[in-house]
Amino acid sequence: MSFNKQDIYKALETITAPGEGKSLVENENIDNVVVFGEEVVVDVTISNPTLQAKKKVEVEISKAIHEHVNQKLDVKVNVKVEVEPKENPNQIRGKEIPNIKNIIAVASGKGGVGKSTITSNVAVSLAKMGFKVGVLDADVYGPSQHLMFDVEQEKPLATNVNGRSKMKPVENYGVKLLSLGFFTSPNQAVIWRGPMASKALKQLIFDADWGELDFLLIDLPPGTGDVHLSIVQAVPINGAVVVSTPQNIALADAKKGVAMFQQESINVPVLGIVENMAYFTPEELPDNKYYIFGQGGAKDLAEDIETSFLGEIPLVQSIREAGDVGHPVALQENTPLSNAFEGVTKEMVSQLLKRNANLPPTEVVRITTMSGCSTK
């Protein structure tokens, strides 16, 4: 009786893997084949957990080897079942956006914690590190990024891309920017329902010529509402950064912001928490720290919810003044404030690298159920 392993594999190529449409060999279901004289042992893994599927594979393997190799062989089949995790039934995934490598949402559960300040300074810090950076101001009802980048009077120009007219983002300090603030009067209130706000955001995202970007930062509005759902439905967010002050009230809302991204139907990794206004340092006493809003609250929250603490930013008058005149303090060179933002940015990038190494790419999410989402 003369045969070898290759003969066994050829016989197994005639068997279709359960529910796959490919042969056991082509689908890489065969783990091992061992030959001992007239005995053949086949180790096979299938994804169908039913007893019927297991028995069918055993019978078909024995039958194929007997028919195509030798009728007298003693065939033993070891079947192992590995069921692939089912995709979330509340979530439909789409494709990544070409030319944008990483999309990071910057959020806060509560308004007034300095989320937009953090976004602008992190964007500038990334640009100083040599990255190609864009900022999308998704705070539809209170846009501010055009002010923080000192481009209030600018307007996005039209550009032709592959026969289509697109918006060219305004650029300053090495950062590309689009904001609804470019299209509304400073005295004009934006009174839009959710669907209209969502449509405006999608235009800013998809009707724009962002070019090649290493990072697109999305400055989200406070809370957990329509805009947030629209963003995760529209773009594949790699991770979220949550901003909070140390105050208990702000931390309670920040926790809700984190919970939103961790919802089963959203499932966006939270890269970490930034503690803004961590302490007050008077200009005349640069070594003194006064913990006006409490101490270490955001750091403790990060530990409680098992996410990373990205760093703390002090409550310093010059940060506010720099933002008001459209010149983020991160533009400074080797000052305590620019170093603080650089430290937060480096930690964010570090967590993003870990996230990209350990998790599959986040893709577009379409909410197919409102389970867990309040309609009030």
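This is a predicted model, so every value here is computed, not measured.

**A few points about unusual backbone geometry**
In this structure, Glu28 takes a positive phi of about 60 degrees despite not being glycine. Notably, Tyr173 is not glycine yet its phi reads approximately 55 degrees, a positive angle. When you line up the elements, Tyr173 lands in the loop between strand S9 (170-172) and strand S10 (175-179).

**Notes on the pattern of salt bridges**
Per the counting criterion, the structure on display carries six salt bridges. Asp219 is the salt-bridge partner of Lys115, the closest N and O atoms lying 2.8 Å from each other. Of this pair, Lys115 sits in helix H3 (residues 115-128) while Asp219 sits in strand S11 (residues 213-219), and the two are 104 residues apart along the sequence. As far as burial versus exposure is concerned, Lys115 and Asp219 are alike and both buried. Asp324 serves as the salt-bridge partner of Arg320, at 3.0 Å between the closest nitrogen and oxygen. With Arg320 and Asp324 both in helix H9 (residues 317-324), this residue pair falls four residues apart, about one helical turn. Judged by its relative accessible area of 47%, Arg320 is partly exposed. According to the relative accessible area criterion, Asp324 is exposed, its value standing at 53%.

**Some details on the nonpolar core**
Residues Leu136, Ile218, Leu220, Ile231 and Phe261 are the most contacted members of the largest nonpolar core, which totals 40 residues. Of all the secondary structure elements, the ones that give two or more residues to this core are strand S5 (100-107), helix H5 (194-206), S11, helix H6 (226-234), strand S12 (239-244), helix H7 (248-262), strand S13 (270-280) and helix H8 (297-304). If you tally residues by element for this core, the top one is H7, at five residues. Val135, Phe182, Val243 and Leu271 belong to the second largest nonpolar core, which has 38 residues in total.

The rules we used
Residues numbered from 1 in each chain as written. Predicted model: local features only at pLDDT ≥ 70, side-chain atom pairs only at ≥ 80, totals over all residues. Heavy atoms only, no water. Helix = DSSP H or I, 4+ residues; strand = E, 2+ residues; numbered from the N terminus. Salt bridge = Lys/Arg side-chain N within 4 Å of Asp/Glu carboxyl O. Buried < 20%, exposed > 50% of the residue type's maximum accessible area, 1.4 Å probe, protein only. Core = buried A, V, L, I, M, F, W, Y, C linked by side-chain atoms within 4.5 Å.

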